[in-house]
Every structure is written in C-alpha cells, then in structure tokens.
Amino acid sequence: MPKIPLMDYIGRPLLACMFLALLLLQWRFPLRRQHFSMLHRLVRNFVLSIPGFAIVRLAMLPIPLAVAMWARERHIGLLNWLPLPGWAAVIATFLLMDYAYWWWHWANHMIPIFWRFHNVHHTDLDLDVTTAARFHFGEMIFSIGFLSLAVTIFGITPLMLVVFFITFEACTLFHHSNWRLPIKLERILNLIIVTPRMHGIHHSIVQRETNSNWGTIFCWWDKLHRTLRRDVPQDAVIIGVAAYREEQELTLGKLFALPFRQQRAWRLPNGEFPERPVRSADELAE
Ligand SMILES: [Zn+2]
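Residues numbered from 1 in each chain as written. Predicted model: local features only at pLDDT ≥ 70, side-chain atom pairs only at ≥ 80, totals over all residues. Heavy atoms only, no water.

A. Inspection of the overall build of the chain at higher detail. A tally of regular secondary structure across the chain gives 13 helices and 0 strands. Beginning at the N terminus, the succession of helices and strands in the chain can be written as α-α-α-α-α-α-α-α-α-α-α-α-α. Radius of gyration (C-alpha) of the chain: 19 Å, near the 19 Å computed for a compact globule of 286 residues. In the chain, buried positions account for 52% of the 286 residues. The long-range fraction of contacts in the chain, counting pairs at least 24 apart against all pairs at least 6 apart in sequence, stands at 76%. Carbon and sulfur atoms make up 70% of the accessible area of the chain, which totals about 13800 Å². (Helix = DSSP H or I, 4+ residues; strand = E, 2+ residues; numbered from the N terminus. Rg over C-alpha atoms; globule rule 2.2 N^0.38 Å. Buried < 20%, exposed > 50% of the residue type's maximum accessible area, 1.4 Å probe, protein only. Contact = heavy atoms within 4.5 Å. Areas by Shrake-Rupley, 256 points an atom, 1.4 Å probe, with all protein chains shown as cover.)

So, in structure tokens, the structure goes:
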C-alpha cells in the first residue's frame, strides 16, 4: 500500500487523539441523555466501520488523490485555471469542497439508492462520537465517485485534498459528539461551524428535522438553502429513524444487510408520523 505521509503520520494519529478526547469530554459533560449501552454501541459502530476504514485508506483517498495529480498535470479544474495566491486557494478549496459535500449529504437523503446506505448511519439510537464511524461501506464506495468528480471540477491539489479530508473528518467527529459545550460558546461557534446541538437535530426521528442541517464544516450552506434548524432543544430530540426503533433489528448482521432490504416508510412502529410544531426562533436552542 503506497504511503500517504500526511494522512498516515499526522492525520490518523491526530484524529485518533481527537476521538479519545471527545469520548472523554462527552462522558464527563454529556449533552443528551443516552438510552442504550455505550459499550454495545461503541463495539457495534466500531465493527461496522472496519470495512469503511479499509475502503477509505485503500480507495476513497488514493483514487481521488490520483485524480487530483492527473488534473494538476493536465491543468484541469477551476483552481488550476485561476491564478490565486496560496492563501486564497486554501480558502477556496475549503469553501468549494464543503459546499459540494453539503450537496452530497443532501443526495444521500433524497436519492433512494443512496439513502439505503446512509440510513445505516442514522439508525443509531443514541448519537455520540462513535456514530461518526458508523457508515456502511457502500456509502464509502459511492463517495469515491463523488469525491473524484469534485476534485476534477474544482482542480483541488493533492496536498489540499488531504488537508481538507483531515479537517472534514475532525469536524465530523466533533459535531457527532455528545459533548455539552456551554451554550454561549456553542452559539458563537455556530456562527461559523456545525456544532453538536445543530447536528443533533439532523439525527431526529422527526423527518422535517432530519431533512435539515446537512452541513459538515460550515453552517452557512444550510443558511443559504434555508435548511438551517436550531430551534429544537436537545432534550426534546429523539435520535434515530422513525421506522427502525427496535434494538434487536439493528444488530451488526442486520445493519450490513439493511441497504439490500425493502426500506420502510418514515413511520413509527405504531404507524404514527412523528411531528413537532414549528417554532420560529433562529437562535441555537439549549
Ligand atoms: Zn445525514
């Protein structure tokens, strides 16, 4: 396996430390009350993520990296055409790639074939930093195509692709964590980035709430598309997917098979459609 030094020697140890730090912080300062065994979920989410981790390192990074090198040599893509100074190219990379990922996340919810796989991530019955690893490997395979396309269109350099990817993963760990930040601090952070309370609403069993807050790094894209929702207090959020609420239906084998089974409509097991009255406050609720 060819080495990707920045990822292998800096990115991975950094992300591992961040994972452990968030694990500690969410245990010490929990945000939402957890309903299921933390240890069970940790093991389940970790085992589920193993094929995904392998795909990320063997294909999901190397293939777009090879595409980025090819695009640079052939002088293809937006940032290869624009003579931007280095700092502006860094900012442009982050904005373009994060916005492209906003659309990719949107597609993962709205396009049925993609939702089958992304559904596995959302069926977690509690939300914490371990959920950030809970992705079906099928979703990783699809995202190789998305990432390669984005890198080609935008002309992202190989170095910036790895820098962006590490930041993207760090943000994913952060906003999935169940860490209760002081609300004032989180409101300030949420002027720029996606925070745990904001992403918690995205994991709600209320479909209108799941279909909001699609951002990964910056919260601005949801503001732009009027899909930003911050009015739901965290103790009112029930985490999960309405039709998949039984723990015994979410074992490892069943989760791997879930995308290939008939998908259930967004209804609670008793047939009800989960709803909540819409409020109007735009400030991040506690
Ligand atoms: Zn999602």
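Once you've had a look at it, read on.
B. Looking closely at the packing of aromatic side chains. For the structure on display, the rule yields 21 aromatic pairs. Considering the side-chain rings of Phe-117 and Phe-260, the 5.7 Å spacing of their centres and the 85° angle between planes classify their relative orientation as edge-to-face. Residue Phe-117 is located in helix H6 (residues 112-122), and its partner Phe-260 is located in the segment after helix H13 (252-257); the two are separated by 143 residues in the primary sequence. Judged by its relative accessible area of 58%, Phe-260 falls in the exposed class. Seen in terms of ring centroids, Phe-137 and Phe-256 are 6.2 Å apart; in terms of plane orientation they differ by 40°. Their pairing is tilted. You can see Phe-137 sitting in helix H7 (residues 137-154) and its partner Phe-256 sitting in helix H13, a full 119 residues away along the chain. Residue class for Phe-137 comes out partly exposed when judged on its relative accessible area of 29%. Residue class for Phe-256 comes out partly exposed when judged on its relative accessible area of 24%. A network of ring pairs unites the aromatic residues Phe-94, Tyr-101, Trp-104, Phe-114, Phe-117, Phe-142, Phe-146, Phe-164, Phe-168 and Phe-260 as a single cluster. The ring of Phe-29 is capped by Arg-28, whose NZ or CZ atom sits 5.2 Å from the centre of that ring. (Phe/Tyr/Trp six-rings, centres within 6.5 Å; stacked < 30°, edge-to-face > 60°. Lys NZ or Arg CZ within 6 Å of the ring centre and 35° of its normal.)

C. Looking closely at the pattern of salt bridges. In this structure the tally under the stated criterion is 11 salt bridges. Here Arg-57 ties to Asp-8 by a salt bridge, and the two come within 2.9 Å at their closest N and O atoms. Of the two residues, Arg-57 sits in helix H2 (residues 38-60) while Asp-8 sits in helix H1 (residues 5-28), which places them 49 residues apart along the sequence. As a salt-bridge pair, Asp-124 and Arg-41 come within 2.9 Å of each other at their nearest N and O atoms. Of this pair, Asp-124 sits in the loop between H6 and H7 while Arg-41 sits in helix H2, placing them 83 residues apart in sequence. Given the relative accessible area of 3%, Asp-124 is considered buried. Sharing partners across several salt bridges, the network here consists of Arg-41, Asp-124, Asp-128 and Arg-134. (Salt bridge = Lys/Arg side-chain N within 4 Å of Asp/Glu carboxyl O.)

Such coordinate-based values are descriptive only and should not be taken to indicate function.
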